[in-house]
Amino acid sequence: MAKLEINMLEGSIWDKVLKFAVPLAMTSIMQQLFNAADVAIVGQFVGKEALAAVGANGIVINLMLNLMVGLSIGANVVCANFLGAGNYLRLTKAVHTSMLIAFLCGIFLAVFGVSFGREILILIDTPPEILDAAELYLQILMGGVPTLLLYNFGSALLRSKGDTRRPLYAMLASGCINVSMNLFFVLALQMGVEGVAIATVIATTCSACLILYWLHGEEGPMRLQPGRLAIDGNVLKHIAKIGLPAGLQGMVFSFSNIIIQIAINNLGAEYIAASAIALNFEFAAFFILSSFSQAATTFVGQNFGAKNIPRCRQIMRWCVGMNFFITGIICLLISIFAPYFAAIYTTDASVIEYAVLRIRYILTFECLNVIIETCSGGMRGVGHSLYPAVACFLGVCVFRVIYIYTIFAAEPVFHVLMAVYPISWVFTIFLIIGAYFHVFNKLERAMPPALGK
């Protein structure tokens, strides 16, 4: 499958970054569309209680999986480093360590989620009338977490050599199976939330099987061989060093968003509905900017392994510039036509007004987040994952909590609450940029120039 790989160590950069980022962004957007189809099927054919039961699990599942997503980023960086350095023995160890970690962590989360799902849902004040349905949905979904993590980690390994197309193909197949199974279980078999959860697990299992099949069919050091599955201590240490801070950074964002959502809930139903509409467009913009951030992680990771820091800097300039330009144009168009987009979801004038306000407050300044995410990705690529995690903890989590309980508490209106996003991004940018130049200047002084590059 050499044609699916990208030579990140030589030649032009911008076209290869696009070749990497576009399928990755499409994968995330398609996943979001398929998730929206799930919600629509539940809402249309099962009822609002079932819809609420599914929705009540979103925060729980995100928090439980964020750390694992971070570890998959760690696996991606470690494999990219070994690939760039030409250290194929350690690359093979990294592949097998990563996939075994994915499976074992998946088993642990599955047991934990099934055993304590009800207690967790009670802890986040899930309404009693939907608690049983929410618990059933969570238990079935958590039972499928091992296959979800195998897909995530396997996709991360393929991305480490530039292959973002096969994870997209697996996601497309999974999404089509998911929607088909949803309709079958809900309409033909008259099942409720359990039908939707079972369909999701089946679809995820199919995507994981595709990824495992492709990895097993790889030639060379990235070939997955069941007999070689073992955890290498040194590799695990490197994955954890990068992955744990990245996962904690994701959890920090989730936690701060929970605090903001609580504030929105206290404002009333119109604001909740408006935020739900706006989130669809925010996710789309974030998926695009995140794809360039992951490109920065992988491209920088390989070139850092090859000890080519000047090329790492060139990659960062291209990733930031292209991300800023493409994300900026898309966000500008969404902001301009926000009233028309919001009207797709509702005819309520006040909900449309507040949705437009949120879209424009956030997406107008989304380019600030481009700098945060892309520089964070570059630092992860060279093995410094803790700096962006600390910066985001201070600039996003701590700042937003203080803002909500002081400034917003003094003037509890929607536009004041929405202002927390761009203000916290500005604060975080100073921390991220300072950390970025500290890391790369230090590396450039410490590392000899690459030969033959």
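Residues numbered from 1 in each chain as written. Predicted model: local features only at pLDDT ≥ 70, side-chain atom pairs only at ≥ 80, totals over all residues. Heavy atoms only, no water.

## As for the overall build of the protein chain
Part 1 of the reasoning: Helix and strand counts for the protein chain stand at 17 helices and zero strands.
Part 2 of the reasoning: For the protein chain, whose C-alpha radius of gyration is 22 Å, the value lies close to the compact-globule estimate of 22 Å for 453 residues.
Part 3 of the reasoning: Based on the C-alpha atoms only, the size of the protein chain along its principal axes is roughly 65 × 50 × 35 Å.
Part 4 of the reasoning: Sorting the 453 residues of the protein chain into buried and exposed places 53% on the buried side.
Part 5 of the reasoning: Pairs at least 24 apart in sequence give 84% of the contacts found in the protein chain among residues at least 6 apart.
Part 6 of the reasoning: Accessible surface, the protein chain: about 19400 Å² in total, of which carbon and sulfur atoms supply 69%.
Part 7 of the reasoning: Averaging the positions of the 26 positive and the 23 negative side-chain charges in the protein chain gives two centres separated by 18 Å. (Helix = DSSP H or I, 4+ residues; strand = E, 2+ residues; numbered from the N terminus. Rg over C-alpha atoms; globule rule 2.2 N^0.38 Å. Buried < 20%, exposed > 50% of the residue type's maximum accessible area, 1.4 Å probe, protein only. Contact = heavy atoms within 4.5 Å. Areas by Shrake-Rupley, 256 points an atom, 1.4 Å probe, with all protein chains shown as cover. Lys, Arg positive; Asp, Glu negative; His and termini not counted. Charge placed at Lys NZ, Arg CZ, Asp CG, Glu CD.)

## Digging into the packing of helix α14 (residues 366–381) against helix α17 (residues 420–446)
Part 1 of the reasoning: Axis separation between α14 and α17 bottoms out at 9 Å; the angle between their running directions is 30°. Comparing their axes, α17 and α14 come out roughly parallel. Crossing handedness for the pair α14 and α17: left-handed. Across the interface between the two elements, E366, L368, N369, I371, I372, C375, S376, G378 and M379 from α14 touch P422, W425, V426, T428, I429, I432, I433, A435, Y436, V439 and F440 from α17.
Part 2 of the reasoning: Of the residues in the contact of α14 with α17, the class split is 15 nonpolar, four polar and one charged. (Axes fitted to C-alpha atoms, helices over the stretch in contact; angles between N-to-C directions. Parallel < 35°, antiparallel > 145°, perpendicular 65-115°, else oblique. Left-handed = near helix turned anticlockwise from the far one by under 90°. Nonpolar A, V, L, I, M, F, W, Y, C, P; charged D, E, K, R; others polar.)

## Observations regarding the environment of I177
Part 1 of the reasoning: Relative to the elements of secondary structure, I177 occurs in helix α7 (residues 165–188).
Part 2 of the reasoning: For I177, a relative accessible area of 27% translates into the label partly exposed.
Part 3 of the reasoning: Setting aside residues no more than four positions away along its own chain, I177 makes contact with I202, A203 and C206.

## Some points on a nonpolar patch on the surface
Part 1 of the reasoning: On the surface, F325, I329, L332, L333, I336, F337 and Y340 cluster together into a nonpolar patch covering about 750 Å² of accessible area.
Part 2 of the reasoning: At five residues, the largest contribution of residues to the nonpolar patch is made by helix α11 (residues 309–336).
Part 3 of the reasoning: Its location among the elements puts L333 in helix α11.
Part 4 of the reasoning: You can call L333 partly exposed: its relative accessible area is 43%. (Patch = residues over 30% accessible without salt bridge, like charges linked within 9 Å, V, L, I, M, F, W, Y side chains within 5 Å. Salt bridge = Lys/Arg side-chain N within 4 Å of Asp/Glu carboxyl O.)

## Topic: helix α10 (residues 269–305)
Part 1 of the reasoning: With 37 residues, α10 should reach 54 Å at 1.5 Å per residue; the first-to-last C-alpha distance of 51 Å fits that figure.
Part 2 of the reasoning: The sharpest bend along α10 measures roughly 25° and falls at L279.
Part 3 of the reasoning: Where α10 terminates, the next one or two residues include K307, which has phi positive at roughly 60°. (Expected span 1.5 Å × (residues − 1). Bend = angle between axes of the 7 residues up to and from the residue.)

## Examining the environment of L65
Part 1 of the reasoning: With respect to the helices and strands, L65 occurs in helix α3 (residues 58–85).
Part 2 of the reasoning: On the basis of relative accessible area, L65 is assigned to the buried category, the value being 13%.
Part 3 of the reasoning: Sequence-wise, L65 and G106 are 41 residues apart; in three dimensions their C-alpha atoms are separated by 9.5 Å.
Part 4 of the reasoning: Look past the residues within four positions of L65 in its chain and what remains in contact with it is L109, V145, L148 and L149.

## Comments concerning the environment of I101
Part 1 of the reasoning: By the secondary structure assignment, I101 is in helix α4 (residues 88–123).
Part 2 of the reasoning: Each C-alpha atom of the pair I101 and F153 lies 9.0 Å from the other, and the pair is 52 residues apart in sequence.
Part 3 of the reasoning: Those residues in contact with I101 that lie beyond four places of it in its chain are I231, L236 and I239.

## Some thoughts on the packing of α11 against α17
When two helices pack together, their arrangement is given by the angle between the helix axes and the distance between those axes.
Part 1 of the reasoning: For the pair α11 and α17, the least separation of the axes is 10 Å and the interaxial angle reads 155°. As the angle between them shows, α11 and α17 are arranged roughly antiparallel. The interaxial crossing formed by α11 with α17 has left-handed handedness. Residues I309, P310, C312, R313 and M316 of α11 form the contact with α17, whose participating residues are Y436, F437, F440, N441, L443 and E444.
Part 2 of the reasoning: Along the lines of polarity and charge, the residues of the contact of α11 with α17 split into eight nonpolar, one polar and two charged.

## Describing the packing of aromatic side chains
Part 1 of the reasoning: Tallying each qualifying case throughout the model produces 13 aromatic pairs.
Part 2 of the reasoning: Residues Y436 and F440 carry aromatic rings whose centres are separated by 4.6 Å and whose planes lie at 40° to one another, so their mutual orientation is tilted. Of this pair, Y436 and F440 both sit in helix α17, separated by four residues, roughly a single helical turn. There is no split in this pair, since Y436 and F440 are both buried.
Part 3 of the reasoning: Counting every residue linked through ring pairs, the aromatic cluster contains F108, F112 and F116. (Phe/Tyr/Trp six-rings, centres within 6.5 Å; stacked < 30°, edge-to-face > 60°.)

## Here we look at the nonpolar core
Part 1 of the reasoning: Membership of the largest hydrophobic core comes to 68 residues, with the highest contact counts inside it found for V17, F299, L363, I404, L417 and F440.
Part 2 of the reasoning: The dominant element in this core, judged by the number of residues it contributes, is α10, at 13 residues.
Part 3 of the reasoning: Apart from the residues lying within four places of it in its own chain, the contact partners of I404 are I259, I260, A263, A409 and L417.
Part 4 of the reasoning: Counting 55 residues, the second-largest nonpolar core is a separate cluster that includes A170, M222, L224 and V235. (Core = buried A, V, L, I, M, F, W, Y, C linked by side-chain atoms within 4.5 Å.)

## Structural notes on the state of the cysteines
When the sulfur atoms of two cysteines share a covalent bond, that bond is a disulfide.
Part 1 of the reasoning: Scanning the entire structure with this criterion turns up zero disulfides.
Part 2 of the reasoning: As a non-bridged cysteine, C176 has C206 as the owner of its nearest cysteine sulfur, 11 Å distant.
Part 3 of the reasoning: Judged by its relative accessible area of 48%, C176 falls in the partly exposed class.
Part 4 of the reasoning: The cysteine C367 is free of any disulfide, with C331 supplying the nearest cysteine sulfur at 6.0 Å. (Disulfide = S-S within 2.5 Å.)

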